[in-house]
Amino acid sequence: MQIFSADQVREWDKYTMDNEPVASIDLMERAARACFQWLTSQPWQDKVFRFFCGKGNNGGDGLAIARILLQAGYQVHVHILEYGKPGTGDFQENLRRLHELPQFQVSFMQPGIPLPEIGTHDIVVDAMFGSGLNKPLAGLAADIVDHINCSGAA
């Protein structure tokens with residue numbers, strides 16, 4: 001397996017959007033459907049999926065995958081890192097689409113509010129930060145990552 005650098009991933013996204021052409025929200029949907037296919041090929045039909053999302057495009061990816069899983073009947077909980085900003089356009093669009101579903105559950109993680117419980121049999125999807133992360137985690141974001149790592153979940 002080849003692992004690409006953050007710059008290479010951004011270049012491939014830009015190349016795809018420029019040469020197909022495809023809008024970033026549609027590229028996000030395409031990636032979400034591919035991820036959904038992989039997730040549902042695993043033996044996790046009875047598992048709870050917990051999405052931890054930032055408000056950038058990586059968070060938008062997470063919201064899109066969560067929506068597709070919900071539409072397919074999976075148990076999904078979405079936890080969004082709240083830091084006072086509205087998020088990218090694609091994040092906001094995927095949040096809007098997710099709000100259209102009746103079984104939608106979201107919690108906002110903020111300082112001073114207990115972090116969500118994570119069961120040892122839950123499936124955690126980290127969609128907090130993507131290729132744009134350029135500094136060490138600190139504060140609430142670091143606490144969330146520690147919380148996930150100590151949960152014993154997959």
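As shown above, the structure is provided for reference.
As the structure is a computational prediction, the values presented were derived from the model and not from experiment. (Residues numbered from 1 in each chain as written. Predicted model: local features only at pLDDT ≥ 70, side-chain atom pairs only at ≥ 80, totals over all residues. Heavy atoms only, no water.)

Across its full length, the chain carries 5 helices and 4 strands. Taken from the N to the C terminus, the helices and strands of the chain come in the order α-α-β-α-β-α-β-β-α. What you see for the chain is a C-alpha radius of gyration of 15 Å, in line with the 15 Å of a compact globule of 154 residues. Considered along the principal axes of its C-alpha atoms, the chain spans approximately 45 × 35 × 35 Å. In the chain, of all internal contacts separated by at least 6 residues, the share reaching a separation of at least 24 is 80%. In the form shown here, the chain has an accessible surface area of approximately 8,900 Å², with 54% of it arising from carbon and sulfur atoms. Positive and negative side-chain charges in the chain, numbering 12 and 18 respectively, have mean positions lying 3 Å apart. (Helix = DSSP H or I, 4+ residues; strand = E, 2+ residues; numbered from the N terminus. Rg over C-alpha atoms; globule rule 2.2 N^0.38 Å. Contact = heavy atoms within 4.5 Å. Areas by Shrake-Rupley, 256 points an atom, 1.4 Å probe, with all protein chains shown as cover. Lys, Arg positive; Asp, Glu negative; His and termini not counted. Charge placed at Lys NZ, Arg CZ, Asp CG, Glu CD.)

It is generally the case that most residues other than glycine have a negative phi and that most peptide bonds are trans. Residue Pro21 is reached from Glu20 by a cis peptide bond, and omega for that bond is -20 degrees. By the element assignment, Pro21 lies in the loop between α1 (6-19) and α2 (24-40).

Under the definition given, this model contains 11 salt bridges. Here the salt bridges do not stand alone but share partners, grouping Glu29, Arg33, Arg67, Glu93, Arg96, Arg97 and Glu100 into one network. (Salt bridge = Lys/Arg side-chain N within 4 Å of Asp/Glu carboxyl O.)

The next point concerns the nonpolar core. Most often, soluble globular proteins keep nonpolar side chains buried together rather than apart. Counting 26 residues, the largest nonpolar core has Phe49, Phe51, Leu63, Leu69, Val76 and Val78 as the members making the most contacts within it. Sorting the residues of this core by element identifies α2, β1 (48-53), α3 (57-71), β2 (75-81), α4 (89-99) and β4 (123-127) as the ones contributing at least two each. Among the elements that take part in this core, α3 stands out by supplying 7 residues, more than any other. (Core = buried A, V, L, I, M, F, W, Y, C linked by side-chain atoms within 4.5 Å. Buried < 20%, exposed > 50% of the residue type's maximum accessible area, 1.4 Å probe, protein only.)

This next bit is on the packing of α3 against α4. Here α3 crosses α4 at 20 degrees, and the two axes come no closer than 8 Å. Here α4 runs roughly parallel to α3, going by the angle between their axes. For the element pair α3 and α4, the recorded crossing hand is left-handed. Contacts between α3 and α4 involve Asn57, Gly59, Gly60, Leu63, Ala64, Ala66, Arg67 and Leu70 on the former and, on the latter, Asp90, Phe91, Asn94, Leu95, Arg97 and Leu98. Classifying every residue of the contact of α3 with α4 by side-chain character gives 7 nonpolar, 4 polar and 3 charged. (Axes fitted to C-alpha atoms, helices over the stretch in contact; angles between N-to-C directions. Parallel < 35°, antiparallel > 145°, perpendicular 65-115°, else oblique. Left-handed = near helix turned anticlockwise from the far one by under 90°. Nonpolar A, V, L, I, M, F, W, Y, C, P; charged D, E, K, R; others polar.)

We now examine α4. Those residues of α4 that fall on the buried side of the exposure criterion are Asp90, Phe91, Asn94, Leu95 and Leu98. When α4 is viewed along its axis, its buried side chains cluster within an angular range of 135 degrees and face the same direction. Its buried side turned inward, α4 meets α2, α3 and β2. (Arc of directions from axis to C-beta.)

Moving on: the pairing of β4. The element β4 is extensively covered by neighbouring structure, given that 4 of its 5 residues are classed as buried. The sheet contact formed by β1 and β4 spans 5 bridges and is parallel. Bridge pairing in β4 places Phe51 opposite Val125. (Pairing = 2+ DSSP bridges.)

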